[in-house]
Structure formats: C-alpha cells, structure tokens
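The residues making up each chain are set out below.
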Amino acid sequence: MRREFSAIAFEDGARAEANLARLEQQLAPTLMVPLASLLAHSPDPDGALNFLERYAQLASPEQLGELSLQPTALTYLVAIFGYSGFLAETFLSDPELPVQFARDRNFTKLKSKEDLMQDFARFATTSPDHWLSAQLARWKRRHYLRIVLKDVLHVSTLGETTLELSALADVILTNALIFCDQELEKRYGQPQYRDTQGRIVRSGFSILSLGKLGGNELNYSSDIDLMFLYSHDGETAGGSEPESVISNKEYFVRLA
C-alpha cells in the first residue's frame, strides 16, 4: 500500500489495498495524495473506497479524466460515499453529476423555493419522463445530494439545511399538485360554484403544511404533515369521462 494511505484505519486492509491498486490504474496520479487526505477524514473510509472503485468502473475515461480537471468533484464523491450508501447510488447511476456539481459556481448558494421551481422547470425539459413521480424522485435525489454535501462539508448551517429541505418539499408538492389538478380537470372539468353576484367561479384549493415543514424546519428523516383545504362546495363542469360531473368535495378528495 502506498505510504499516503498506510496511516488510514481501514477495517479490511487487503480489500483496501486491492481497491487502491485498481484506482491507481484509472485515476490521474495527481489525485492519489488528495484521495488519501479525503479518506483519512471520512467517517467510513472502507465504504468510501469501495464505492469509489465501483464509480471508477462505471464512469467513462472522459469522466474520470474530468476529476483531475475538477478535483472538487473527488471531494464530493468521497464525502457522499463515506456518509450515505443510499445517496451513493445516485452518483453511480449518473457519473457525470459530481463534475456538474464541481462546475456549478452557485453550488453553495442557498436556494429559495423560486430558485428550485426554476431548476425543476429546466430539469423537466432536459430530462423528460412519462411518469412525473419518477421525474420528481430523480430531481429530489440530485438536490438531496447537493444539500447533504453542503451540510457535511460545513458550507451551510443547520438552519440553512432545514430551510432548503423544506423548500425542496414545497416545490415537489407544488408540481405534484399542478399536474394532478390538470389531470383531474381533463376528466371532470373545473370544480365550480356561484359567487354572491351569481357568476360561475372556480373553487380554490390549498395545501397547508403543519409541523416541521410548516415551520421550515424539515430534516432528512421528517415526515410531512399536511392539511388539504377547498374553498366552496358545488360541482364540476364536466369533462372527458362518462358521468364526469361530480361534486367539488369528491373532486378535491381525489386531488388530495
């Protein structure tokens, strides 16, 4: 084992040595000393090294070459690989992602709900998916990675971390609501009521966040507690399905 790595407390020295030997053949020589330093500070150097070896097998030669041009990407890889096996799979399935993070000059910026709404709109355009749920899940994992990295690398405070997690949940809820409302409106038409002047008006709907999400204090393992509210009783205008006129209450129950 190279001298730089000999002081790291690997639990399985033989496997670590084999992984390092393979990585020496794949990574630029200039990355080995920084890699030793990163592993020495990792909470799980064995796991981080195992994942990094898998990453090197999955990444293209061009992507591995980018690591020497964007060494911050290696920092991001080792950090995630040492902290979360679940999030590590996102880097393994998208080897270009750590380099994209390293190139992003706004990576450490605190992103508001408006920033995230714009980011999802771009992501939805460039990464289309038949299922919104799958698209939102992939987008969520990317931002979880970003938020966790800022957290473990100490470039965000606890308050900033919970604020961004809460904004992320808000944006996912908002986009799910917009999509589901559009789908139901196609089937049943708009939920309507007559106002005090006799005009036909669309009935409103809101999601009220309670608990930690309501206080913008969501953490990584929090559930979200929600209350669904609609403004007026009435019935829908009718849509594409047979017997498509339903009560506003039924429409909004289905929407919720």
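If you're wondering where the values come from, they're calculated on a predicted model, not measured in any experiment. (Residues numbered from 1 in each chain as written. Predicted model: local features only at pLDDT ≥ 70, side-chain atom pairs only at ≥ 80, totals over all residues. Heavy atoms only, no water.)

Caption draft 1: Inspection of the overall build of the chain at higher detail. On a plain count of helices and strands, the chain comes out with twelve helices and five strands. Computed over C-alpha atoms, the radius of gyration of the chain comes to 24 Å, more than 25% over the 18 Å expected from 2.2 N^0.38 for 256 residues, which places it beyond the range of a compact globule. Expressed along its principal axes, the backbone C-alpha trace of the chain runs to roughly 85 × 35 × 30 Å. Counting every position in the chain, which comprises 256 residues, the buried fraction comes to 39%. A fraction of 66% describes how many contacts in the chain between residues 6 or more apart in sequence connect residues 24 or more apart. For the chain, the exposed area adds up to about 13,900 Å²; of that, 52% sits on carbon and sulfur atoms. (Helix = DSSP H or I, 4+ residues; strand = E, 2+ residues; numbered from the N terminus. Rg over C-alpha atoms; globule rule 2.2 N^0.38 Å. Buried < 20%, exposed > 50% of the residue type's maximum accessible area, 1.4 Å probe, protein only. Contact = heavy atoms within 4.5 Å. Areas by Shrake-Rupley, 256 points an atom, 1.4 Å probe, with all protein chains shown as cover.)

Caption draft 2: Representation of the environment of Ser-244. Counting through the fold element by element, Ser-244 comes out in the loop between strand E5 (235-236) and helix H12 (248-255). The exposure class of Ser-244 is buried, given its relative accessible area of 8%. Separated by 57 residues in sequence, Ser-244 and Arg-187 have C-alpha atoms that sit 6.5 Å apart.

Caption draft 3: How the structure looks around unusual backbone geometry. Phi at His-154 takes a positive value of approximately 60 degrees, unusual for a residue other than glycine. Here His-154 shows up in the loop between helix H9 (132-152) and helix H10 (158-188). One non-glycine residue with positive phi stands out, namely Asn-216, at about 55 degrees. The topology assignment puts Asn-216 in the loop between helix H11 (211-214) and strand E4 (225-230).

Caption draft 4: The side chain of Asp-170, seen in detail. Take Asp-170: it is sitting in helix H10. For the buried Asp-170, no salt bridge is present, and the opposite-charge side chain at shortest range is Lys-113, 4.9 Å distant. With near-sequence residues (within four places) excluded, Asp-170 lies in contact with Lys-113, Ser-209 and Leu-213. (Lys, Arg positive; Asp, Glu negative; His and termini not counted. Salt bridge = Lys/Arg side-chain N within 4 Å of Asp/Glu carboxyl O.)

Caption draft 5: Broad picture of the side chain of Lys-150. Here Lys-150 shows up in helix H9. You can call Lys-150 buried: its relative accessible area is 1%. The contacts of Lys-150, once residues within four sequence positions are left out, are Phe-107, Thr-108, Lys-109, Leu-110, Val-155, Ser-156 and Glu-164.

Caption draft 6: Structural context of the pattern of salt bridges. Going through the model one piece at a time under the given rule, you end up with 15 salt bridges. Note that Glu-53 and Arg-22 form a salt bridge whose closest N and O atoms lie 3.1 Å from each other. Of this pair, Glu-53 sits in helix H3 (residues 45-58) while Arg-22 sits in helix H1 (residues 13-26), and the two are 31 residues apart along the sequence. Judged by relative accessible area, Arg-22 falls into the partly exposed class, the value being 36%. Between Lys-109 and Asp-115 there is a salt bridge; the shortest N-O distance is 3.7 Å.

Caption draft 7: Broad picture of H1. Taking 1.5 Å per residue as the helical rise, H1 with its 14 residues ought to reach 20 Å, and the 20 Å between its terminal C-alpha atoms agrees with that figure. As for H1, its buried residues are in contact with helix H2 (32-40) and H3. (Expected span 1.5 Å × (residues − 1).)

Caption draft 8: Representation of the sheet that holds strand E1 (residues 191-194) within the structure. Pairing in this open sheet of three strands is antiparallel, and the strands run E2-E1-E5 from one edge to the other. Each edge of the sheet is formed by a strand with only one pairing partner; in this case those strands are strand E2 (200-202) and E5. Sheet topology places E1 next to E5; two bridges connect them, and they run antiparallel. Among the inter-strand pairings, Gln-192 is bridged to a residue of E5, identified as Glu-235. Against the sheet, H12 makes contact with E1, E2 and E5, and its axis sits at roughly 145 degrees relative to E1, the strand it touches most. (Pairing = 2+ DSSP bridges. Axes fitted to C-alpha atoms, helices over the stretch in contact; angles between N-to-C directions.)

Caption draft 9: Representation of the nonpolar core. Counting 58 residues, the largest nonpolar core has Leu-35, Phe-81 and Phe-91 as its most contacted members. For this core, the element with the highest residue contribution is H9, accounting for nine residues. Not counting chain neighbours up to four residues away, the residues in contact with Phe-81 comprise Gly-47, Ala-48, Phe-51, Leu-52, Tyr-55, Ala-88, Phe-91 and Leu-92. Tyr-188, Tyr-251, Phe-252 and Leu-255 belong to the second-largest nonpolar core, a separate cluster that totals seven residues. (Core = buried A, V, L, I, M, F, W, Y, C linked by side-chain atoms within 4.5 Å.)

Caption draft 10: Geometry of the layout of surface pockets. Reported here for the largest pocket is a volume of approximately 350 Å³. The wall of the largest pocket is formed by 13 residues, among which Gln-100, Asp-104, Asp-119, Arg-142 and His-143 lie closest to the centre. Looking at the lining of the largest pocket, the elements with two or more residues in it are helix H7 (97-103), helix H8 (113-126) and H9. Here the lining of the largest pocket takes four residues from H8, the largest share from any one element. The space that makes up the second largest pocket amounts to roughly 240 Å³. Taken together, 14 residues line the second largest pocket, and the ones lying closest to its centre are Lys-140, Tyr-144, Ala-169, Ile-172 and Ile-224. When residues of the lining of the second largest pocket are assigned to their parent elements, the largest contribution, five residues, is made by H10. Across the lining of the second largest pocket, the residue classes break down as ten nonpolar, two polar and two charged. (1 Å grid on protein atoms, 1.4 Å probe; cavity = no way out; pocket = protein on both sides within 12 Å on 5 of 7 lines; lining within 4 Å. Points joined across faces, edges and corners; volume = space filled by probe spheres on them. Nonpolar A, V, L, I, M, F, W, Y, C, P; charged D, E, K, R; others polar.)

Interpretation note: all reported values are geometric properties and have no functional meaning in isolation.
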